[in-house]
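# Fold and geometry: a report
Single-letter residue listing:
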Amino acid sequence: DGGITQSPKYLFRKEGQNVTLSCEQNLNHDAMYWYRQDPGQGLRLIYYSQIVNDFQKGDIAEGYSVSREKKESFPLTVTSAQKNPTAFYLCASRSQGDSPLHFGNGTRLTVT
Amino acid sequence: KQEVTQIPAALSVPEGENLVLNCSFTDSAIYNLQWFRQDPGKGLTSLLLIQSSQREQTSGRLNASLDKSSGRSTLYIAASQPGDSATYLCAVSKGDYKLSFGAGTTVTVRA
């Protein structure tokens, strides 16, 4: 079945450590996204990529980095520079600008 | 900057009642609007997508309307069931690959 796989589901890290969240899709979608969700707030865009080897900053990119070396994969690194990294992270993809957005099941990151 | 608001933040209804969920947005120059459902601890599932040229979309018990000029969309869920309990989010797109999301309405359907 086609879909988006995010791993791991839960991730725990110590403050000061970098951590990488995985996102893989087999939907053959061109565009991929990373969002952050905090309680009581709407999703906020971290980074997005429209094609391989190209990506753009979203509204809250500081302290995060991404790569898009393959169409299927869009990993997100949460660096030690991110001041408040504990959150629920969601990866999404879609084929074109007017098509529905599909989401993975998310990674809950806890940094202590 | 596009602001998307969903009121109320939470809603509780008895089983069988029709649900009416509201979404408003400040910039009417949208490309499309999408409604999602989110279960606790899970990702979002797309329910309906309405293009800016459309006034409504239907899927089973779900019907979404769009009034671009007034910056409003409404999601109707007919004959609610306990399985409809979830958080419902709307998101608008300006066609530039970026979407703006509302914070969602959490619905509880009481058996």
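Our structure is the block above this text.
All of the points below concern the structure found in this document.

This paragraph deals with the layout of surface pockets. By volume, the largest pocket amounts to about 440 Å³. Where the lining of the largest pocket is concerned, the elements lending two or more residues are strand E5 (44–51) of chain A together with strand E10 (99–101) of chain B. Considering each element in turn, the lining of the largest pocket owes the most residues, 3 residues, to E10 of chain B. Here the second largest pocket defines a volume of roughly 360 Å³. For the lining of the second largest pocket, the secondary-structure elements that each account for two or more residues are strand E9 (87–94) and strand E11 (107–111) of chain A together with strand E9 (86–93) of chain B. Split by residue class, the lining of the second largest pocket holds 9 nonpolar, 9 polar and 4 charged.

Moving on, we come to the sheet that holds strand E8 (residues 76–78) of chain A. Residue and element names in this part refer to chain A. Spatial strand order, E1-E3-E8-E7: 4 strands in an open sheet with antiparallel pairing. With one partner strand each, in any of the chains shown, strand E1 (4–7) and strand E7 (64–66) form the two edges of the open sheet. If you compare each strand with its neighbour and ignore which way they point, the axes differ by 20° on average. Sheet analysis places E7 next to E8, joined by 3 bridges and oriented antiparallel. What sits directly across from Ser65, in E8, is Thr77.

Glancing now at the state of the cysteines. Per the counting criterion, the structure on display carries 2 disulfides over all chains. Each sulfur of the disulfide joining Cys23 of chain A and Cys91 of chain A lies 1.9 Å from the other. Its S-S torsion of approximately -70° makes the covalent link between Cys23 of chain A and Cys91 of chain A left-handed. With Cys23 of chain A in strand E3 (residues 19–25) and Cys91 of chain A in strand E9, the pair connects residues that are 68 residues apart, well separated along the chain. Across the pair, exposure class does not vary: Cys23 of chain A and Cys91 of chain A are buried alike. What pairs with Cys23 of chain B in a disulfide is Cys90 of chain B, and their sulfur atoms sit 2.0 Å apart. Disulfide Cys23 of chain B-Cys90 of chain B: torsion about the S-S bond near 80°, hence right-handed. Taken together, the residues Cys23 of chain B in strand E3 (residues 19–25) and Cys90 of chain B in strand E9 connect sequence positions 67 residues apart.

The rules behind each value
- Residues numbered from 1 in each chain as written.
- Chains lettered and ligands numbered in written order.
- Predicted model: local features only at pLDDT ≥ 70, side-chain atom pairs only at ≥ 80, totals over all residues.
- Heavy atoms only, no water.
- 1 Å grid on protein atoms, 1.4 Å probe; cavity = no way out; pocket = protein on both sides within 12 Å on 5 of 7 lines; lining within 4 Å.
- Points joined across faces, edges and corners; volume = space filled by probe spheres on them.
- Helix = DSSP H or I, 4+ residues; strand = E, 2+ residues; numbered from the N terminus.
- Nonpolar A, V, L, I, M, F, W, Y, C, P; charged D, E, K, R; others polar.
- Pairing = 2+ DSSP bridges.
- Axes fitted to C-alpha atoms, helices over the stretch in contact; angles between N-to-C directions.
- Disulfide = S-S within 2.5 Å.
- Buried < 20%, exposed > 50% of the residue type's maximum accessible area, 1.4 Å probe, protein only.

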